[in-house]
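Per-entry structural report
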Amino acid sequence: MASLRSIFKRVDNLLGKGVKENIFFLHIPKCGGTSIRRAIRLNLLSLDVRKDRFFFDLDPGATARVVKMTKGTDYPHDASSDYPIMKLRENLLLYSMSQKRTRYISGHFTFSEIAHQRFSGDFSFVTLLRDPVKRWISTYFYNRYKDSDHFKVDLDIEQYLDSDFGRAQGAEYVKFIGGHQASGDYASAEAVERAKRNLHKFDIVGILEDMDDFKDQFRKRFHASLNIPTINRNPKSETQQKEVITPAVEERIREICEPDREVYQYARDNFIRRAKRGPS
């Protein structure tokens, strides 16, 4: 079925219904991005399948393995920072954007000021956020019970709440939108303000809780429609999650997520409502 849908979409794109511009989708983990990434990709396919190689999808596990091989550290298990991984990903982003035939880039990259300065005229920047508390909870259960070893954690909820990795998950928007920092400072007021400023450098900022708005922004910007499937489900159901996330635990999560909650609310106030009003 997916293959047939791909063929039909290639034909639609040939008839002028596809995206003409190059897109960079900054995929923040556990924000519904796997579905979005594939939906956007479909709008860029052509009948010439050889051009599919002009799409670059980052393999996050591969970047972690490269850093382990070259630096000898295995984040989050025996390293205090993922800065080397994020720096490698920035270099891959710049490499991909430097290839003139690249049409689409997606993955767990952090915002790169260099990439924006050099390539914002060649690529439209797109990202999607999600309620930070829900994202934190989803990340925990996904990393706790998934099959792969990439960033897998083997901690109960209380241990995870007290761990460096668990606490760092409360400032993922600050890191991914604000850009990775060697200092690892993602909780300060300055870091939060940097993330807010960078949101204005994106062509589309959406939130998972209002997908209709995101699709509307995409349609207005690229004159193409998104068909977004639900994939990459969490290995634990919501009922199973609620057995672990008590009101007391959720309150602690809210405190941890304070930096991201501020960025998320700023995005809601300044982009989603603006998009609904239309051009000023």
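To start, this report covers the structure provided alongside it.

About the cut-offs
Residues numbered from 1 in each chain as written. Predicted model: local features only at pLDDT ≥ 70, side-chain atom pairs only at ≥ 80, totals over all residues. Heavy atoms only, no water. Axes fitted to C-alpha atoms, helices over the stretch in contact; angles between N-to-C directions. Helix = DSSP H or I, 4+ residues; strand = E, 2+ residues; numbered from the N terminus. Parallel < 35°, antiparallel > 145°, perpendicular 65-115°, else oblique. Left-handed = near helix turned anticlockwise from the far one by under 90°. Contact = heavy atoms within 4.5 Å. Nonpolar A, V, L, I, M, F, W, Y, C, P; charged D, E, K, R; others polar. Core = buried A, V, L, I, M, F, W, Y, C linked by side-chain atoms within 4.5 Å. Buried < 20%, exposed > 50% of the residue type's maximum accessible area, 1.4 Å probe, protein only. Pairing = 2+ DSSP bridges.

Glancing now at the packing of helix H6 (residues 132-145) against helix H13 (residues 247-256). For the pair H6 and H13, the least separation of the axes is 9 Å and the interaxial angle reads 110°. On the basis of their axis angle, the class for H6 and H13 is roughly perpendicular. Seen from above, H6 lies across H13 with right-handed handedness. Together, Val133, Trp136 and Ile137 of H6 and Glu250, Ile253, Arg254 and Ile256 of H13 make up the contact between the two elements. Grouping the constituent residues of the contact of H6 with H13 by class yields 5 nonpolar, no polar and 2 charged.

This brings us to the nonpolar core. Counting 35 residues, the largest nonpolar core has Phe24, Leu26, Ile28, Met97, Leu129 and Val263 as the members making the most contacts within it. Breaking this core down by element, the ones donating at least two residues are strand E1 (22-26), helix H4 (83-98), helix H5 (113-119), strand E4 (123-129), helix H9 (172-178), helix H10 (189-199), strand E5 (204-207) and helix H14 (258-277). By residue number, the principal contributor to this core is H14, which donates 5 residues. Residues within four places of Phe24 in sequence aside, it is in contact with Leu93, Met97, Ile105, Phe109, Phe123, Ser124, Phe125 and Val126. Residues Ile137, Tyr160, Phe165 and Ile256 belong to the second largest nonpolar core, which totals 21 residues.

Attention now goes to unusual backbone geometry. A cis amide bond links Tyr75 with the next residue in sequence, Pro76, at an omega value of 5°. Within the fold, Pro76 resides in the loop between helix H3 (60-71) and H4. Positive phi, normally seen in glycine, also occurs at Lys30, with a value near 60°. Note that Lys30 resides in the loop between E1 and helix H2 (33-42). Since its relative accessible area comes to 14%, Lys30 is described here as buried. The backbone of His223 sits at a positive phi, close to 55°, despite the residue not being glycine. With relative accessibility at 65%, the residue His223 sits in the exposed group.

Take the sheet that holds E1 next. Across the sheet, which stays open at both edges, the 5 strands sit in the order E2-E3-E1-E4-E5 with parallel pairing between neighbours. Of all strands in the sheet, those bounded by a partner on one side alone are strand E2 (55-57) and E5. Strand-to-strand, the axes of this sheet are offset by a mean angle of 15°, without reference to chain direction. Examined bridge by bridge, E1 and E4 share 5 bridges and lie parallel to one another. Within E4, the residue paired with Phe25 across the bridge is Val126.

By themselves, these figures tell us nothing about what the structure is for.
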